Amino acid sequence: MTEQDVRKAFLGYRWERGQYAQDPQNSGAYSNSKKVETWLLLLTREERMIIRFHLIDGLDWRRTAVELDKIWGYENGRSERSLKRKQSKAIRKIVRFMEEDPYNGSINFPMHK
């Protein structure tokens, strides 16, 4: 799994969740969305929020910084460069996890009945 694969999975997360909401029997959409949700658990709160605002919600970097400023306050603001660096670090963390995964990414999440 590459960093680009992880980015694509995050970018497709909202669509996958929508597909599952429309068709609860869609096991592919369910499994992919659960995989992304599991990845998010690997990250710090700040990393999760950056990924959520920028990749999942599709906000540009300026708007992502504004949303984070609302949470942590302007005086604790982060520069666009810092946000990009933190996002890259978070994605690398996920890639390392997937490379070390003894199941080789083949864990299937059972669907709710």
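The preceding data block contains the structure.
Quick summary incoming for the structure in this document. (Residues numbered from 1 in each chain as written. Predicted model: local features only at pLDDT ≥ 70, side-chain atom pairs only at ≥ 80, totals over all residues. Heavy atoms only, no water.)

What follows concerns the overall build of the protein chain. Broken down by element type, the protein chain carries 5 helices and 0 strands. Written out in order from the N terminus, the α and β elements of the protein chain read α-α-α-α-α. Counting across all 113 residues of the protein chain, residues that qualify as buried make up 35%. In the protein chain, once contacts between residues fewer than 6 apart in sequence are set aside, the share between residues at least 24 apart is 61%. Entry remark: accessible area of the protein chain is about 7,300 Å², with carbon and sulfur atoms responsible for 49%. (Helix = DSSP H or I, 4+ residues; strand = E, 2+ residues; numbered from the N terminus. Buried < 20%, exposed > 50% of the residue type's maximum accessible area, 1.4 Å probe, protein only. Contact = heavy atoms within 4.5 Å. Areas by Shrake-Rupley, 256 points an atom, 1.4 Å probe, with all protein chains shown as cover.)

Let us now look at the pattern of salt bridges. Under the counting rule described, the total for this entry stands at 8 salt bridges. When the shortest N-O distance is used, the salt bridge between Arg 52 and Asp 57 registers 3.5 Å. Notably, a salt bridge pairs Glu 67 with Lys 70, separated by 3.1 Å at the nearest N-O pair. Here Glu 67 pairs with Lys 70, and both are found in helix α4 (residues 61–72), just 3 residues apart, close to one helical turn. (Salt bridge = Lys/Arg side-chain N within 4 Å of Asp/Glu carboxyl O.)

Moving on to α4. With 12 residues, α4 extends 16 Å from end C-alpha to end C-alpha; this agrees with the ideal 16 Å at 1.5 Å per step. Among all positions of α4, only Trp 61, Thr 64, Ala 65, Glu 67, Leu 68 and Asp 69 are buried. (Expected span 1.5 Å × (residues − 1).)

So, about the packing of aromatic side chains. Counting across every chain of the model gives 1 aromatic pair. Summarising the aromatic geometry, the rings of Phe 10 and Trp 39 are spaced 5.8 Å apart at their centres and angled 65 degrees between planes, so their arrangement reads as edge-to-face. In this pair, Phe 10 sits in helix α1 (residues 3–22) while Trp 39 sits in helix α2 (residues 27–41), placing the two residues 29 residues apart along the sequence. The pair Phe 10 / Trp 39 is uniform in exposure class, with both members buried. (Phe/Tyr/Trp six-rings, centres within 6.5 Å; stacked < 30°, edge-to-face > 60°.)

Summarising the element assignment, Glu 3 is placed in helix α1. Judged by its relative accessible area of 29%, Glu 3 is partly exposed.

This part takes up the nonpolar core. By size, the foremost hydrophobic cluster in this structure holds 16 residues, and its most contacted members are Val 6, Phe 10, Val 36, Trp 39, Leu 40, Ile 51 and Ile 94. Put simply, the parts of the chain that give this core at least two residues each are α1, α2, α3 (45–56) and α5 (80–100). Residues within four places of Trp 39 in sequence aside, it is in contact with Met 1, Val 6, Ala 9, Phe 10, Ile 94 and Met 98. (Core = buried A, V, L, I, M, F, W, Y, C linked by side-chain atoms within 4.5 Å.)

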